[in-house]
Amino acid sequence: MNATSTTPTRQSEATPFALPARSLEGVGKRPFGIYIHVPFCATRCGYCDFNTYTAGELGTSASPQSWLEGLRRELDLAAEMTGAPAAETVFVGGGTPSLLGGDGLSDVLSAVRSSFGLASGAEVTTESNPESTSPEFFDALRSAGFTRISLGMQSAAQHVLKILDRTHTPGRAVAAAKEARAAGFSHVNLDLIYGTPGERDQDLDASLDAVLSADVDHVSAYALIVEDGTAMARKVRRGELPAPDDDVLASRYERIDSRLSEAGLHWYEVSNWAKAETADSGDTRCRHNLGYWDGGDWWGAGPGAHSHVGGVRWWNVKHPARYAEQLALGELPVGGSEELTAEDEHMERVMLTARLRTGLPLSELSASERLSADQVVVDRLAVIENDHVVLTDRGRLLADAVIRTILT
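A brief look at the structure comes next. What you are looking at is a predicted structure, and each value in this text was computed from that prediction instead of being measured.

## Overview of the nonpolar core
Item 1. Core analysis: the biggest nonpolar cluster contains 93 residues, and Ile36 and Trp67 have the highest contact counts within it.
Item 2. Considering each element in turn, this core owes the most residues, six residues, to helix 3 (residues 64-82).
Item 3. Contact partners of Ile36, with chain neighbours within four places excluded, come to Trp67, Leu71, Leu75, Phe91, Val92, Gly93, Val108, Val112 and Ala301.
Item 4. Of all hydrophobic cores here, the second largest spans ten residues; its members include Cys45, Tyr47, Leu164 and Leu241.

## Observations regarding unusual backbone geometry
Item 1. Cis rather than trans, the peptide bond between Gly94 and Gly95 has omega equal to 25°.
Item 2. In this fold, Gly95 is placed in the loop between strand 3 (87-94) and helix 4 (101-115).
Item 3. You will see that Asp165, though not glycine, has its phi angle at about 65°, which is positive.
Item 4. With a relative accessible area of 28%, Asp165 lands in the partly exposed category.

## Thoughts on the pattern of salt bridges
Item 1. Taken as a whole and assessed by the stated rule, the structure comprises 21 salt bridges.
Item 2. Its salt-bridge partner being Glu199, residue Arg252 comes within 2.8 Å of it at the nearest N-O pair. Taken together, the residues span a long stretch of sequence, with Arg252 in helix 10 (residues 246-262) and Glu199 in the loop between strand 6 (187-194) and helix 8 (201-213) at a distance of 53 residues.
Item 3. For Arg252, the salt bridge goes to Asp201, with nearest N and O atoms at 3.1 Å. Taken together, the residues span a long stretch of sequence, with Arg252 in helix 10 and Asp201 in helix 8 at a distance of 51 residues.
Item 4. Overall, the relative accessible area of 7% leaves Arg252 in the buried class.
Item 5. Linked by salt bridges that have partners in common, Asp205, Asp209, Arg255 and Arg259 make up one network.

## Some details on the packing of helix 13 (residues 342-353) against helix 16 (residues 399-407)
Item 1. As a packed pair, helix 13 and helix 16 sit with axes 9 Å apart at the nearest point and diverge in direction by 145°. When you trace helix 13 past helix 16, the crossing you get is right-handed. Seen from helix 13, the contacting residues are Met347, Val350 and Met351; seen from helix 16, they are Ile403, Ile406 and Leu407.
Item 2. Across the contact of helix 13 with helix 16, the residue classes break down as six nonpolar, no polar and no charged.

Cut-offs used in this document
Residues numbered from 1 in each chain as written. Predicted model: local features only at pLDDT ≥ 70, side-chain atom pairs only at ≥ 80, totals over all residues. Heavy atoms only, no water. Core = buried A, V, L, I, M, F, W, Y, C linked by side-chain atoms within 4.5 Å. Buried < 20%, exposed > 50% of the residue type's maximum accessible area, 1.4 Å probe, protein only. Helix = DSSP H or I, 4+ residues; strand = E, 2+ residues; numbered from the N terminus. Contact = heavy atoms within 4.5 Å. Salt bridge = Lys/Arg side-chain N within 4 Å of Asp/Glu carboxyl O. Axes fitted to C-alpha atoms, helices over the stretch in contact; angles between N-to-C directions. Left-handed = near helix turned anticlockwise from the far one by under 90°. Nonpolar A, V, L, I, M, F, W, Y, C, P; charged D, E, K, R; others polar.

Below, the structure is given as structure tokens:
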């Protein structure tokens with residue numbers, strides 16, 4: 001994410017981790033969320049570089065039970081350090097949280113309630129693999145207090161799912177979304193990945209047809225990125241798969257935006273679309289992610305999870321066994337941290353808010369950055385709305401370039 005040569009001050013955690021007093025001063029006054037990382041997956045997808053492990057990779061070194069015991073300890077230590085502000089949002093991600101089942105995820109939310117508590121009207125989301133869900137699963141989550149479901153659909157084309165090493169059948173994601181709605185979830189998201197090698201225009205259209213038939217209120221769509229070190233990267237390097245084509249990706253994005261907009265789902269972040277808020281639905285955007293993008297505080301619990309509080313960022317050790325071991329000793333499992341300078345925070349503010357439909361406030365730009373923003377407007381990559389720089393349709397395709405232009 002670095003757009004300049006500025007490097008935050010970094011340190012390893014040879015001594016016990018502690019937040020400086022200045023970073024704790026505003027806790028509870030800024031948006032506060034909790035992210036829970038579930039590191040378990042049934043199989044490893046070829047494109048994924050997340051901190052995840054299959055049962056075969058872990059062996060007997062860690063288990064969902066040892067992870068949950070560690071999670072409870074981390075949340076208790078986190079609450080003690082921060083003063084336990086009530087969580088306005090909770091997001092359980094991974095990995096495959098649905099492998100824990102309805103009872104396991106209920107235990108996770110109980111741990112959050114026990115340590116921090118939930119604010120009134122809190123948004124509580126879990127990611128789920130469609131293949132490990134059922135009507136009973138969604139009923140259990142609804143009873144536990146979850147308010148939002150995010151399902152990894154990726155594609156409705158069988159051959160595309162195969163290339164991605166996804167295990168669910170093409171129709172299962174839509175069926176799961178409908179089951180979640182039937183269980184009482186008004187907020188349901190479907191994730192798409194576009195630009196997979198071998199994906200055709202008709203495959204994308206079939207995926208969009210399926211998404212719209214599910215009547216969800218939120219859609220996330222991400223261009224496939226071939227990450228170094230993944231099985232897919234090795235296949236691309238050997239010539240077994242072609243690398244994603246930028247022109248194709250741009251065309252697919254435009255198709256996605258057009259279809260979703262026609263159906264009443266409008267972009268609020270470059271890769272995210274939501275239905276308009278109504279008195280009945282409330283805010284259909286992902287409030288937890290908005291907390292990231294708007295500079296809020298969050299505690300990331302679980303192996304490899306990242307956190308940010310008051311200008312300090314840190315990350316946990318990655319392996320579930322080491323994570324559990326450190327917590328059993330009464331230590332936070334922090335692997336490293338960095339204190340952001342004012343310049344770092346400004347850079348990140350520009351990088352994140354420029355991607356939002358609400359746009360980047362002109363008041364936060366320096367004189368030279370304002371001149372660069374004016375040039376972006378001249379180039380028709382953005383417009384000025386209510387003293388904010390807002391990306392145009394073409395600007396969204398070139399969002400990273402727009403941000404670089406403003407910052408340099």
